[in-house]
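# Chain and residue survey
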Amino acid sequence: MTTILVIEDNTPIRREICAILELEGFQALSAATGEEGIAAAVESLPDLIICDITMPGYDGYAVLEALQQNGDTARIPFIFLTARSTSRDIRLGMTRGADDYLTKPFTIDELLGAVRTRLRRMQKITEPLAQEVARTRSQLDHALRIDNATGLPNRKVLEEHLADSRQGLPATFNRALILMSIDHYQQIRYALGYDMINRVIKRMTARLARLTGAEESLYRLESDTFAVLLTGLVAGERAHRTAELVREAVKQPIKFGESSLNLTISVGLSTCPGRVSSPAKLIPTAETALFHAIENGGNQVRVYQPYMEEHSINRLSLIDQLYNGLKRHEFAVYYQPKLALGEARIVGMEALIRWNHPEVGMVLPGLFMPAAEETELIHPLGDWLLNEACTRTIEWHNQGYRNLQVSVNISARQLEKPDFVQKLAGVLSATKLDPKALELEVTERAFPEDLTIIQDTLNRIKDMGVHLCIDDFGTGCATLSTLQQLPFDSLKLDQSFVCNLMEKETDVAITLSMLRMARLLGLGVVAEGVETEAQKDFLTENGCNQMQGFLFSKPLSHQAFSDLLTRTA
């Protein structure tokens, strides 16, 4: 209903005007003084104001001026009402910003004519604006619900669809949610760039769309995460089969001219009824299953099981404790000596992070680094480890042990960061450590299928003079081609081969072949996990360069390693 405010100190006139307006279907508000009128206008924001000029206190001109200084009331149409009828008075009112001028006495037709004229003119002004606001609101709502790159509905829409599906459906009506995440997405995105990764995502979306039927809906929840919602009586039976079909479809090469890209995805699946009792639980339980798929190496389908919840809760607690541990400086670096075989002298050490947990004591990295690598915590942890190892090494150099080379493990997540090489250069500059005294170990299992993703980063590190080593060699998928493409200086034989050298012929054969391959490529070889003299002798006789293991020393604290250097000098 259109609201009109009448400001008039003459009570009979004010009441008469309000009565006329209400008979015509308007809502009439009234004020007896200028001060009351200003307050009423600010509070109610009427569609039109009729105001007498001559009033005690604030006159009509003062009321108009006050309202024009308020952004909320400045555009409200304003009609002066007065007994002053000279042309000078009319010009004065209009120049002050009034929209019309009614003189007393006036007829009902004159009053209603002025009111309707002002309202029509205001409607012509505000109608296009209202249409534009509605259009903008619609566009904003679309943007908040639809992924711009793919045109797919987003997480908000999925949540709404799951909420709707709870209403009025029989208990036997099944729903299944498939969540999928692109493996190594950040590496791929940094390597390809914004435009190319969008093309890849669109190609992948097209494949997924071809697999969806009338009872299936496809969503994009995050940059690397998609969802398929299956509904219907057989959704539960069809879910696992669809999840595998989706995984296989994504694995097919995506071709761009003469080039192609191979993607893999991790998949989490949850069903209702079945694994969970309510559609509202499908998203969090499918996310839990997806996490387990990623945690176990990716490129696989995991179905939600209740036992996963406890593991996820423990993981969240662990991440929280890791974050607090960083703030409280609970981490330390231990150093395991590396010996030159045949000379029995210390030539370096591997820097190994340890967590001195206030409740459980010393925690080994295998129990907390996987969780750190799945979050952003790997970056501050890795930065701290690198800086601490370089700082201690330059101290030992300054004490006369200038031949020492420190080895630091680097995760794939760290290599994915565009500024990693810059950070590395900053650490070397700040600590004044010779780049040749630093070796970065990259685990073989971290290699992406497309080696170009890390090749440029590794080449830039190599150009700085830093040595590069493949860690856990033999446990991943590195081939002769891999070793030829990437600028590594050495490889580290995984301890799983070394520990069985005297017991398993297959491990002997594998170790000998790896040593021959390393010699062929001019790579140094480090054996880890050496625990017996027989293992050491075998490795020495067959051309292994360095070793580390409990036969010589376990990992040592900074002070204990310093003492060892003093004793063996």
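Notes on the structure in this doc start here. Everything numeric here is computed off the predicted structure, so don't read it as measured data.

### Considering unusual backbone geometry
That bond from K104 to P105 is cis: its omega, -10°, falls within 30 degrees of zero. Looking at the element boundaries, P105 is found in the loop between β5 (100–103) and α5 (108–145). Of note in this structure, N299 is not a glycine but carries a positive phi near 55°. Looking at where N299 falls in the secondary structure, it is placed in the loop between α10 (282–295) and β12 (301–303). Residue N299 is classed as partly exposed on the basis of its relative accessible area of 27%. Although it is not a glycine, H329 sits at a positive phi angle of roughly 60°.

### A closer look at the layout of surface pockets
One water molecule sets the probe size; rolling that probe over the atoms shows where empty space is left. In this structure, the second largest pocket encloses a volume near 320 Å³. P46, D47, P77, M122 and T126 are the residues nearest the centre of the second largest pocket, which is lined by 15 residues in total. Residues of the lining of the second largest pocket, tallied by class, amount to seven nonpolar, four polar and four charged.

### Overview of the sheet that holds strand β2 (residues 27–31)
Here five strands make up an open sheet; going across it, the order is β2-β1-β3-β4-β5 and the pairing parallel. Each having just a single partner strand, β2 and β5 make up the two edges of the open sheet. Strand-to-strand, the axes of this sheet are offset by a mean angle of 20°, without reference to chain direction. In this sheet, β2 lies alongside strand β1 (residues 3–7) in parallel orientation, the contact comprising five bridges. The residue of β2 that forms the bridge with I7 is A31. Running over the sheet, helix α2 (residues 34–44) touches β1, β2 and β3 (48–52) and is turned about 165° from β1.

### Digging into the pairing of strand β16 (residues 405–410)
The two faces of the sheet receive side chains in turn, since in a regular strand these alternate between them. Most of β16 sits inside the fold, with five of its six residues counted as buried. Pairing between strand β14 (residues 345–357) and β16: four bridges, direction parallel. By the bridge assignment, G348 is partnered in β16 with Q405. Pairing of β16 with strand β17 (residues 438–443) involves five bridges; the strand directions are parallel. Bridged to I410 within β17 is V442.

### Considerations on the nonpolar core
Soluble globular proteins: nonpolar side chains tend toward being buried together. V408, L424, L438, L440, I461, L539 and F561 are the most contacted members of the largest nonpolar core, which has 72 residues in total. Top element by residues in this core is helix α13 (residues 378–398). It accounts for eight residues. Setting aside its immediate chain neighbours within four residues, L424 contacts L386, L438, L440, I461, M464 and V466. Membership of the second largest hydrophobic core comes to 29 residues, among which are I188, I197, F256 and L263.

### Remarks on the packing of α13 against helix α21 (residues 558–568)
One way to put it is that α13 packs onto α21 with a least axis distance of 12 Å and a crossing angle of 25°. Between α13 and α21, the interaxial angle falls into the category roughly parallel. In this structure, α13 crosses over α21, and the sense of that crossing is right-handed. Contacts between α13 and α21 involve R392, E395 and W396 from the first element and H558, F561, S562 and L565 from the second. When grouped by side-chain class, the residues that make up the contact of α13 with α21 number three nonpolar, two polar and two charged.

### As for the pattern of salt bridges
Taken as a whole and judged by the stated rule, the model has 20 salt bridges. Residues D147 and R220 are paired through a salt bridge, measuring 3.1 Å at the closest nitrogen-oxygen approach. Here the residue D147 occupies a position in the loop between α5 and α6 (155–164), and R220 occupies one in strand β7 (residues 216–222), the gap between them amounting to 73 residues. Here R220 falls in the buried class, since its relative accessible area comes to 7%. A salt bridge links K156 to E160, with the nearest nitrogen and oxygen atoms 3.8 Å apart. In this pair, K156 and E160 are both assigned in helix α6, four residues apart and thus about one turn of the helix distant. Put simply, E8, D52 and K104 are held in one network by salt bridges that share partners.

### Overview of the pairing of β17
Of all six residues in β17, five are buried, a share of seventy percent or more. The sheet contact formed by β17 and strand β18 (residues 467–473) spans five bridges and is parallel. Pairing of V442 across the sheet is with I470, part of β18.

### Some thoughts on the packing of aromatic side chains
Tallying each qualifying case throughout the model produces nine aromatic pairs. Here the aromatic rings of Y335 and F561 are separated by 6.0 Å at their centres, their planes lie at 40°, and the arrangement is tilted. With Y335 in strand β13 (residues 331–340) and F561 in helix α21, this residue pair connects regions lying 226 residues apart in the sequence. Note on F561: relative accessible area 0%, which makes it buried. Where W396 meets F561, the ring centres are 4.9 Å apart and the plane angle is 55°; that geometry is what we call tilted. Separated by 165 residues along the polypeptide, W396 in helix α13 and F561 in helix α21 bring together distant segments of the chain. Each member of the pair, W396 together with F561, is buried.

### Focus on empty space enclosed by the protein
For the structure shown, the criterion picks out one cavity of 30 Å³ or more. Partitioning the lining of the largest cavity into residue classes produces one nonpolar, two polar and four charged.

### With respect to α21
Where α21 is concerned, the buried positions are F561, S562, L564 and L565. Taken around the axis of α21, the buried residues stretch over an arc of 160°, which confines them to a single face. Those residues of α21 that are exposed and aimed more than 90 degrees away from the buried face are T566 and R567. Check the buried side of α21 and you find it contacts β13, β14 and α13.

So, how was this worked out
Residues numbered from 1 in each chain as written. Predicted model: local features only at pLDDT ≥ 70, side-chain atom pairs only at ≥ 80, totals over all residues. Heavy atoms only, no water. Helix = DSSP H or I, 4+ residues; strand = E, 2+ residues; numbered from the N terminus. Buried < 20%, exposed > 50% of the residue type's maximum accessible area, 1.4 Å probe, protein only. 1 Å grid on protein atoms, 1.4 Å probe; cavity = no way out; pocket = protein on both sides within 12 Å on 5 of 7 lines; lining within 4 Å. Points joined across faces, edges and corners; volume = space filled by probe spheres on them. Nonpolar A, V, L, I, M, F, W, Y, C, P; charged D, E, K, R; others polar. Pairing = 2+ DSSP bridges. Axes fitted to C-alpha atoms, helices over the stretch in contact; angles between N-to-C directions. Contact = heavy atoms within 4.5 Å. Core = buried A, V, L, I, M, F, W, Y, C linked by side-chain atoms within 4.5 Å. Parallel < 35°, antiparallel > 145°, perpendicular 65-115°, else oblique. Left-handed = near helix turned anticlockwise from the far one by under 90°. Salt bridge = Lys/Arg side-chain N within 4 Å of Asp/Glu carboxyl O. Phe/Tyr/Trp six-rings, centres within 6.5 Å; stacked < 30°, edge-to-face > 60°. Arc of directions from axis to C-beta.

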